[in-house]
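# Examination of the molecular architecture
One letter stands for each residue in the lines below.
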Amino acid sequence: ASPLPDMTADLLKEFSIRNPNVGIRQFNYPNQKCIEALIEGKVDIVAMFGPVDDPRIEFVPVGHCQRVLVVSSNHALAGSGPIPLSRLEQEPCIININRGDDYFFQILANLGVNPNIVCKCDNDLVETNLISSGFGVSVSPLLNFVKLKDNYPLLQLEMVMFDEPTIPATMGYAYLKNA
C-alpha cells in the first residue's frame, strides 16, 4: 500500500527487478489508512511518508526531501525568491492528508506558525486542481513537485522556496513489528 501514487511506479519497478519471484498487489491509501491496512493484515508493507506514531509499526526511513510551496503560475509569489514560513499564515493553504501534510502543519503550529488552512484533501489530483485554479497553495515535498512537472510539463504550477529550514518530508517503508 502507498500514499505516493506519483512515485509508486518507480518503486515497484525497482523492487520487481531486484525481487522477480515476489508477487505484488498495490493499493493507494492515505497515510493513516496504510497504517490501518497493516494492522488489519490487508497488506504486508507500505511505502509512505513518516514518521509513524504507532508502537506496533516499524518505520524505516529511506530518504528525506525538503518541502517547497506550490502555487499557481498566476499567483503573486510565482517566480519570487524564498519566503518565510510565516507567510503561510497569509496564504490559503491546502493540506494533502494523503501524504501526511497534517503532521507538518501541526509541527509548524507548535513552533508558533499558524497556517491559514482552507481545505484538506486526500487526493493528489484534487490538490493539483485546487492549486492550479488559484484556490490555494500547498506545501509539498520537492520530489513530488519535480515528478509532477516532469510528467506534466504544461501544468501551470510553480514552486517557491522557503528562506529558512523546514522539517523535511521523510519517505520510507513500514511493517508490523511482530508479523
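Residues numbered from 1 in each chain as written. Predicted model: local features only at pLDDT ≥ 70, side-chain atom pairs only at ≥ 80, totals over all residues. Heavy atoms only, no water.

### A look at the overall build of the chain
Per the secondary structure count, the chain includes five helices and eight strands. Scaling as 2.2 N^0.38, a compact globule of 179 residues should have a C-alpha radius of gyration of about 16 Å, and the chain matches this with 17 Å. Reported as C-alpha extents along the three principal axes, the dimensions of the chain are approximately 50 × 35 × 25 Å. Across the 179 residues that make up the chain, the buried fraction comes to 42%. Sequence separation of at least 24 residues holds for 77% of the intrachain contacts in the chain that already meet a minimum separation of 6. As displayed, the chain has an accessible area near 9700 Å², and 53% of this comes from carbon and sulfur atoms. Side chains of the chain carry 13 positive and 20 negative charges; the gap between the two charge centres is 5 Å. (Helix = DSSP H or I, 4+ residues; strand = E, 2+ residues; numbered from the N terminus. Rg over C-alpha atoms; globule rule 2.2 N^0.38 Å. Buried < 20%, exposed > 50% of the residue type's maximum accessible area, 1.4 Å probe, protein only. Contact = heavy atoms within 4.5 Å. Areas by Shrake-Rupley, 256 points an atom, 1.4 Å probe, with all protein chains shown as cover. Lys, Arg positive; Asp, Glu negative; His and termini not counted. Charge placed at Lys NZ, Arg CZ, Asp CG, Glu CD.)

### Section: the pairing of strand β6 (residues 137-141)
The buried fraction of β6 is high, at five of five residues. Bridge count for strand β3 (residues 67-72) against β6 is four bridges, and the pairing is antiparallel. Paired with L69 across the strands is V139, a residue of β6. Here strand β4 (residues 92-96) runs beside β6; their pairing, made up of two bridges, is parallel. Of the residues in β6, the one forming a bridge with I94 is S138. (Pairing = 2+ DSSP bridges.)

### Examining the sheet that holds β6
Read from one edge of the open sheet, five strands run β5-β4-β6-β3-β7, paired in mixed fashion. Strands with a single pairing partner mark the edges of an open sheet, and in this sheet they are β5 (116-121) and β7 (157-160). The sheet shows a mean angle of 35° between the axes of neighbouring strands, direction not considered. Strands β3, β4, β5 and β6 of the sheet are contacted by helix α3 (residues 101-110), whose axis makes an angle of about 130° with β4. (Axes fitted to C-alpha atoms, helices over the stretch in contact; angles between N-to-C directions.)

### Thoughts on the sheet that holds strand β8 (residues 169-176)
Spatially, the three strands line up as an open sheet ordered β1-β8-β2, and their pairing is antiparallel. Two strands lie at the open edges of the sheet, namely β1 (46-50) and β2 (57-65), each paired on one side alone. Each strand of the sheet is rotated relative to its neighbour by a mean of 35°, with strand direction disregarded. Direction of pairing for β1 relative to β8: antiparallel, over a ladder of five bridges. Across the sheet, residue M48 finds its bridge partner in β8, namely G172. Sitting on the sheet, helix α2 (residues 31-39) is in contact with β1, β2 and β8, with an inclination near 135° to β1.

### What about the pattern of salt bridges?
What the rule picks out here adds up to three salt bridges. The residue E40 makes a salt bridge to K42 at a minimum N-O spacing of 3.1 Å. R87 is the partner of E91 in a salt bridge, and the nearest nitrogen-oxygen pair spans 2.8 Å. (Salt bridge = Lys/Arg side-chain N within 4 Å of Asp/Glu carboxyl O.)

### Here's the deal with the nonpolar core
Counting 16 residues, the largest nonpolar core has L69, L88, F105, L108, V139 and F162 as its most contacted members. Every element with two or more residues in this core is listed here: β3, β4, α3 and β6. For this core, the element with the most residues is α3, which contributes three residues. Dropping the residues within four chain positions of it, F162 is found in contact with R67, V68, L69, P82, I83, P84, L85, L88 and V139. Grouped together as the second largest cluster of nonpolar side chains are twelve residues, C34, A37, V43 and I57 included. (Core = buried A, V, L, I, M, F, W, Y, C linked by side-chain atoms within 4.5 Å.)

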